[in-house]
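Below, each chain spelled out in residue letters.
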Amino acid sequence: MSKKTFKHITSTVVPIPVENIDTDQIIPARFLKATTREGFGKNLFRDWRYENGDEEKPRKDFPLNNPLYKGEILVAGKNFGCGSSREHAAWAIGDYGFKVVVSSFFADIFKNNALNNFILPAQVSEEFLQKIFSAVQQDPQTPLEVDLEQQIIRLPHSGDEASFDINAYKKECLLNGYDDIDYLLSQKDKIETYEASREFNF
């Protein structure tokens, strides 16, 4: 069984208040040659992080290069993960160290890819998203609390909170660290009992 369980996390955040961030911006196409999930984090937002993609020329104004912003939660503008269906975008986000992405809207394919890679895409209202951006702008050390069991995101300092939806099956997988095969194995006894109840004696 995977050990990537997720129930509750409190972390500072990395804010990227930009709308329509597509998968090519998350992980440029030239880095898609690898077939394993490791190593993609160093190229996350590569062309935004560096001048001409050159690691020797980091853009100081980009949040991932700003030492004020750290944490396991990425907060991004509306329509995050649009564009092509590449799963590598989720790989890059996870490999960098993010466990949660918060936005006011996610592209469906990215959302599914994220969940399949043990990353929680938490969709909130535009109003609540702006509250997060505002709080972090005022204090970069502002924490964000994400409770998967209760499906709630909270700003502890102000007490503001919002709920988010998640598919019940995917929620159980995240809570227990299951991939699809792990989940089936967890249901083995129930499956065997069901099969036994349907046996016919001739």
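Residues numbered from 1 in each chain as written. Predicted model: local features only at pLDDT ≥ 70, side-chain atom pairs only at ≥ 80, totals over all residues. Heavy atoms only, no water.

> Describe the layout of surface pockets, with residues and values.
Taken as a whole, the largest pocket spans an internal volume of roughly 320 Å³. Residue composition of the lining of the largest pocket, grouped by class: 6 nonpolar, 4 polar and 5 charged. Each pocket or cavity is described by its volume, and for the second largest pocket that value is around 160 Å³. Listed by contribution, the elements that provide at least two residues to the lining of the second largest pocket are α4 (108–116) and β4 (120–123). Of the residues that constitute the lining of the second largest pocket, the class distribution is 5 nonpolar, 4 polar and 2 charged. (1 Å grid on protein atoms, 1.4 Å probe; cavity = no way out; pocket = protein on both sides within 12 Å on 5 of 7 lines; lining within 4 Å. Points joined across faces, edges and corners; volume = space filled by probe spheres on them. Nonpolar A, V, L, I, M, F, W, Y, C, P; charged D, E, K, R; others polar. Helix = DSSP H or I, 4+ residues; strand = E, 2+ residues; numbered from the N terminus.)

> Please set out helix α6 (residues 168–176) residue by residue, giving values where relevant.
Turning to α6, its buried residues are K170, K171, C173, L174 and L175. For α6, the side-chain oxygen to backbone nitrogen distance between the N-cap and Y169 is 2.9 Å, and the N-cap itself is N167. Two residues or fewer after α6 comes G177, characterised by a positive phi angle close to 75°. (Buried < 20%, exposed > 50% of the residue type's maximum accessible area, 1.4 Å probe, protein only. Polar contact = N/O pair within 3.5 Å; in protein donor to acceptor, adjacent residues only side chain to side chain.)

> Tell me what's going on with the pairing of strand β2 (residues 73–76), and back it up with residues and numbers.
Judged by which residues are buried, β2 turns out to be covered on both faces: I73 and V75 on one side and L74 and A76 on the other are all buried. Two elements, strand β1 (residues 8–16) and β2, share 4 bridges in a ladder whose sense is parallel. Bridge pairing links P15 to V75 in β2. Bridging between β2 and strand β3 (residues 100–103) involves 3 bridges; their strand directions are parallel. Across the sheet, V75 pairs through a bridge with V102, a residue of β3. In this region the chain leaves β2, passes through helix α3 (residues 88–96) and returns to the parallel neighbour β3; the handedness of that crossover is right-handed. (Pairing = 2+ DSSP bridges. Right-handed = clockwise from strand over helix to strand, strands pointing away.)

> Can you tell me about the side chain of S103, naming the residues and giving the values?
Tracing the chain through its elements places S103 in strand β3. Look past the residues within four positions of S103 in its chain and what remains in contact with it is A76, G77, K78, N79, F80, A122, Q123, V124 and L129. (Contact = heavy atoms within 4.5 Å.)

> Report on the pattern of salt bridges, specifying residues and quantitative values.
All chains considered together, the criterion is met by 8 salt bridges. Note that R46 is salt-bridged to E55, the shortest N-O span being 3.5 Å. You can call E55 partly exposed: its relative accessible area is 45%. For D160, the salt bridge goes to K131, with nearest N and O atoms at 3.8 Å. Of the two residues, D160 sits in the loop between β6 (152–154) and β7 (161–163) while K131 sits in helix α5 (residues 126–138), which places them 29 residues apart along the sequence. Residue classification places K131 among the partly exposed positions, given a relative accessible area of 34%. Salt bridges sharing common partners tie together E145, R154 and E161. (Salt bridge = Lys/Arg side-chain N within 4 Å of Asp/Glu carboxyl O.)

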